[in-house]
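Report on the structure
In case you want the letters, here they are:
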Amino acid sequence: AAMLPDNQEIDQSLLEHLELFDLEHDLRVARYRGAALHWMEQLDEFNPYLAGAVWKGIVAAHAPIHLQVFTDEAKELEIRLLNQGIKFDVSEIAHFAGRSHVPALTFYWEHDLPILVSVYRYDDLRGALRRQKTAGGTARAERGNLAAVRELLAAGSGNAAPLKESEPP
């Protein structure tokens, strides 16, 4: 196991590959992050965080925009989407802490942007904000709140997610 690359090394290699061979990668990252910002603003009362490929800036074609919401009002979230005319599928995905599963809502926006909204209890937010230690001993945020995503977009940040922790609202 010590000879296998860790997640950070895999992410770095994938980013290098996309930057070399995918001429649309930077535009895709900006578009997906813009869409993530739109949906995070729409779902602000549910404490949304951006996670996964779009947060990391490693967006292959057809990667989903993964939003994690932290709420005790999951039905209200579903009602909000239905009231906006969004048809979604419901499934389950593994909890980010590795325990059990959580509900996930999936839909397409603008015909080609896959959105995945995983729904956590509000109490899970505290554990979600812990930093993940990398192989070099530095801490990296695994997700970002609305302010962090706005900061990424305003800075014109290409691909790297910020190393600082995102604060809860």
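See the structure above.
Below you will find a few notes about this structure. Just so we're clear, the structure is a prediction, and the values are computed from it rather than from any experiment. Note that residues are indexed from 1 along each chain, following the sequence as it is written. Reporting of local features is limited, given that this is a predicted model, to residues whose pLDDT is at least 70; pairs of side-chain atoms are given and counted only at 80 or more, and all residues count toward the totals for whole chains, interfaces and linings. Hydrogens and water are ignored here; the side-chain numbers use all heavy atoms of the structure.

Another point: the side chain of His66. Here His66 shows up in strand β2 (residues 65-70). A 3.5 Å cut-off defines polar contacts: any pair of N or O atoms within that distance qualifies, except that in protein one atom must be a possible hydrogen donor and the other a possible acceptor, and neighbouring residues in sequence count only when both atoms are side-chain atoms. Here the side chain of His66 touches Ser118 through a polar contact of 2.9 Å, side chain to side chain. We call two residues contacting when some pair of their heavy atoms lies within 4.5 Å. Once you skip the residues sitting within four places of it in the chain, His66 turns out to touch Tyr49, Leu50, Ala51, Ile93, Leu116 and Ser118. To qualify as a helix, a DSSP run of H or I must reach at least 4 residues; to qualify as a strand, a run of E must reach at least 2; elements of each kind are numbered from the N terminus.

What follows covers the nonpolar core. The tendency in soluble globular proteins is for nonpolar side chains to be buried as a group. The definition of a nonpolar core used throughout is a set of buried Ala, Val, Leu, Ile, Met, Phe, Trp, Tyr and Cys residues joined through side-chain atoms within 4.5 Å. Per-residue accessibility, obtained with a 1.4 Å probe over protein chains only, is compared with the maximum for each type, and a residue is labelled buried under 20%, exposed over 50%, and partly exposed between these values. The biggest cluster of nonpolar side chains holds 33 residues, and the ones touching the most others in it are Trp39, Leu50, Ile65, Leu67 and Phe107. Looking at this core, the elements that each hand over two or more residues are α2 (25-42), α3 (52-56), β2, α4 (74-83), β4 (101-109), β5 (113-120) and α6 (146-154). Top contributing element to this core by residue count: α2, with seven residues. Dropping the residues within four chain positions of it, Leu50 is found in contact with Ala36, Met40, Trp55, Ile65, His66, Leu67, Glu142, Arg143, Gly144 and Val149. In this structure, Tyr49, Phe70, Leu125 and Ala128 belong to the second largest nonpolar core, which totals seven residues.

Taken by themselves, the reported measurements are silent on function.
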